[in-house]
Amino acid sequence: MQLNAKLAITSRAVVSYAYGFIVVLFPLYLKKIGFSTPLVGVTVFAAMVMNAALAVLAGMLADHYGRKYVLTALLIAFAASAALTTSLRSPILLALLAGLAGFTSGATGGPIGSGGPLGAVQTAIISEVSSRSGMSELLGIAAVAEMASAMLGAFSITAASYLGVSPYSLFYVAALLGFASAIGSGFIKDMGIRSQKLVPSLSYKNIFKLSAPTIPCGLGSGLVIPLLSLWFKLRYNATTGEIGAVFGAMDLAMIAFTLVIPRLAREAGRLKIIVFTRVASSLSFVLMAFSPIFPIAGLFLILRGAFAMGGMPVRQSFVMLNVHETERATANGSTSFSRNTASSVGAAISGYAMREFITYLPLLGGAIALFDPLLYYLMFKGQWGEKRYRWVADLLA
């Protein structure tokens, strides 16, 4: 494996350990310091909007000025935000830090799961040294390393609870991991790939097509995922340790699925795998709404995460293969922006709706998310029967 890929994957794995617990703890921390449920939703909404906008900006800056430099800056910002979070009580400041660091961007662990600015830049760096046919597999390796690390991070919550240590002290652990990851990223070699313009000019049509399906995905998942730990607590009275165990088990299942699903794409084709995994993950949300007890709901969450994240490397490679190589970080940032902006709207709604019809939030979220695979098919149905796709870079050459 090329050195840049090793460094980028290692950096991703280190910071993913922190994401494994921080996306669970952040909404619980807001509730602990006295925020009402609607205020938690508004704070998460503001953070997600900021993080979504930052993904686009970071992607364009990375493509134009150098990906390793933007990645290092983002990791330093993550570390500083984690170090300051537990000393603050202001909703505005907490939303600002969470938006900068991506604390609310997803609950499936790590940058690739969050799809924020870190994921946009890291994925582009990994794709620089990947072969055309092996990109899904290389991104799959990155995802496995990330999710294994995130799994340990999620179980850290359970360990802290049993040891009598405040789980919120883990924010300081996140700060140290962020700084360590930033140091490691400094050794990545700049490959000299630069976009002609700050704003994408070669792949903007496909960037739009790739972003459109992420809107229902983000809106549907946003109704549940950002406040999922709080949803479990309010509906099933689950403890912090029990919630952490479910998230850890979900990461373990995601690792298993990620080892298999990218290999299936070689035979079935990327688009078919994307559609299948996204239908399955959306239906898991629907079934979660009808779960009478916490263990069953937790099982459907595990399946939801496994299908969603297991297919993520395939979707990432699909994006990379449908845009010019100099605009990959921008494409990742744009798809992240559309998904996370829609998700932030869902988070804001769920904060209020949770008090009125808490049972049906996953049902509504899953139903909306089903439009995601439908749009993928409609936008790219010309590739449905293909197993290998030409690079857009070849078409533009």
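Residue indices begin from 1 for each chain and proceed along its sequence in written order. Only residues with pLDDT of 70 or above have their local features reported here, since the model is predicted, and side-chain atom pairs are shown and tallied only from 80 upward, although totals for entire chains, interfaces and linings are computed over all residues. Derived side-chain values reflect all non-hydrogen atoms in the structure, with water molecules and hydrogen atoms excluded from consideration.

With that settled, consider the confidence of the model for the chain. pLDDT measures how confident the predictor is about each residue, on a scale from 0 to 100. Taken as a whole, the chain shows an average pLDDT of 84; of its residues, 91% reach a score of 70 or greater. Confidence drops under pLDDT 50 across residues 107-113; counting only partners more than four residues distant or on other chains, this segment forms 34 contacts. Counting interchain partners and residues more than four positions distant, the pLDDT-below-50 stretch residues 388-397 has 24 contacts. Here, two residues are considered to be in contact whenever any of their heavy atoms come within 4.5 Å of each other.

Before going further, it helps to examine a nonpolar patch on the surface. Like charges are joined within 9 Å and nonpolar side chains (Val, Leu, Ile, Met, Phe, Trp, Tyr) within 5 Å, but only among residues with over 30% relative accessible area and no salt bridge; these make up the patches. Per-residue and other accessible areas follow the Shrake-Rupley method at a 1.4 Å probe size, with only the shown protein chains counted as cover for residues. By definition here, a salt bridge exists when the distance from a side-chain nitrogen of Lys or Arg to a carboxyl oxygen of Asp or Glu is within 4 Å. Taken together, the side chains of Phe371, Leu374, Tyr377, Leu378 and Trp384 make up a nonpolar region of the molecular surface, amounting to roughly 470 Å² of accessible area. Strands here are runs of E lasting at least two residues and helices are runs of H or I lasting at least four, both read from the DSSP assignment and numbered beginning at the N terminus. In this structure, Phe371 sits in helix α18 (residues 371-380).

What follows is about the nonpolar core. We define the nonpolar core as a collection of buried residues of types Ala, Val, Leu, Ile, Met, Phe, Trp, Tyr and Cys that are connected through side-chain atoms lying within 4.5 Å of one another. Any residue under 20% of the maximum accessible area for its type is buried, any over 50% is exposed, and the rest in between are partly exposed; the area is computed with a 1.4 Å probe on protein chains only. If you look at the biggest cluster of nonpolar residues, it comprises 105 residues, and the most contacted ones within it are Ile22, Phe103, Phe232 and Met288. Ranked by residues supplied to this core, first place goes to helix α1 (residues 3-32) with 15 residues. If we skip the residues at most four places from it in the chain, Phe232 touches Asn237, Ala238, Ile243, Phe294, Ala297, Gly298 and Leu301.

For Asn4, the position within the fold is in helix α1. In contact with Asn4, not counting residues within four places along its chain, are Glu128, Val129, Ile188, Lys189 and Met191.

Mapped onto the elements of the fold, Asn51 is located in helix α2 (residues 37-65). For Asn51, a relative accessible area of 2% puts it in the buried group. Two N or O atoms count as a polar contact when they lie within 3.5 Å, although within protein this holds only if one can serve as hydrogen donor and the other as acceptor, and sequence-adjacent residues are included solely when both atoms are side-chain atoms. Among the polar contacts made by the side chain of Asn51, one reaches the main-chain carbonyl oxygen of Gly99 at a distance of 2.8 Å.

Attention now goes to the packing of aromatic side chains. Classification of ring pairs uses Phe, Tyr and Trp, with its six-membered ring standing for Trp, and accepts pairs whose centres are within 6.5 Å; under 30 degrees between planes counts as stacked, over 60 as edge-to-face, and the remaining range as tilted. This model, assessed by the stated rule, comprises 16 aromatic pairs. Judged by centre distance (5.9 Å) and plane angle (80°), the rings of Tyr17 and Phe21 are edge-to-face. Taken together, the positions of Tyr17 and Phe21, both in helix α1 and 4 residues apart, correspond to about one turn of that helix. Residue class for Phe21 comes out buried when judged on its relative accessible area of 0%. Relative to Phe171, the ring of Tyr29 has its centre 6.0 Å away and its plane inclined at 55°; by these criteria the two rings are tilted. Placement of Tyr29 in helix α1 and of Phe171 in helix α8 (residues 170-185) is noted, with a sequence separation of 142 residues between them. For the pair Tyr29 and Phe171, a shared accessibility class is recorded, and that class is buried. Aromatic rings pair up to connect Tyr19, Phe26, Tyr29, Phe78, Phe103, Tyr168 and Phe171 into one cluster.

Okay, unusual backbone geometry next. In this structure, Asn237 is a non-glycine residue whose phi angle is positive, near 55°. With respect to the helices, strands and loops of the structure, Asn237 is situated in the loop between α11 (228-236) and α12 (240-268). The class of Asn237 is exposed, set by a relative accessible area of 62%.

In this model helix α13 (residues 270-289) runs 30 Å from its N-terminal to its C-terminal C-alpha over 20 residues, within 8% of the 28 Å that 1.5 Å per residue would give. For α13, a buried count of 15 out of 20 residues is recorded, marking the element as mostly surrounded by other parts of the structure. Here a helix's expected span is defined as the number of its residues, less one, multiplied by 1.5 Å.

Applying the stated criterion across every chain, the model contains 4 salt bridges. Across the pair Glu128 and Arg67 runs a salt bridge, and its minimum N-O distance is 2.7 Å. With Glu128 in helix α6 (residues 117-128) and Arg67 in helix α3 (residues 67-85), the pair connects residues that are 61 residues apart, well separated along the chain. The same class applies to Glu128 and to Arg67, which are both buried. For Arg278, the salt bridge goes to Asp372, with nearest N and O atoms at 2.5 Å. Of this pair, Arg278 sits in helix α13 while Asp372 sits in helix α18, placing them 94 residues apart in sequence.

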